[in-house]
Amino acid sequence: VLEGANLKDASLIGACLKGVNLEHSDLRGANLANADLENSSFEGAIYDNCTVWPDNFDPRAVGTIYFNE
């Protein structure tokens, strides 16, 4: 469970986050390239234009919030 975690600027490249609760976490600037996000929950998590998502991942479809400083 990483609910509410500060993962700002974290390098999570290729991480296995399968089924992890990332709700309300700070993902601004995080690099999640090639991460396994299957069945993870993101409701209320924030991200920005520096956040790197896995290919074909739609952050808005899982309830994340774009944060523009």
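This section reports on the structure supplied with the text. As the structure is a prediction and not an experimental result, all values here were calculated from the model.

Structural notes on the pattern of salt bridges
Here the structure, examined in full by the defined rule, presents two salt bridges. Glu-38 is the salt-bridge partner of Lys-18, the closest N and O atoms lying 3.6 Å from each other. With Lys-18 in the segment before strand S1 (46–47) and Glu-38 in the segment before S1, this residue pair connects regions lying 20 residues apart in the sequence. The partner of Arg-28 in a salt bridge is Asp-26, with the nearest N and O atoms 2.5 Å apart. The class of Arg-28 is buried, set by a relative accessible area of 13%. For Asp-26, a relative accessible area of 11% gives the class buried.

Conventions and cut-offs
Residues numbered from 1 in each chain as written. Predicted model: local features only at pLDDT ≥ 70, side-chain atom pairs only at ≥ 80, totals over all residues. Heavy atoms only, no water. Salt bridge = Lys/Arg side-chain N within 4 Å of Asp/Glu carboxyl O. Helix = DSSP H or I, 4+ residues; strand = E, 2+ residues; numbered from the N terminus. Buried < 20%, exposed > 50% of the residue type's maximum accessible area, 1.4 Å probe, protein only.

These results come straight from atomic positions and should not be treated as a statement about function.
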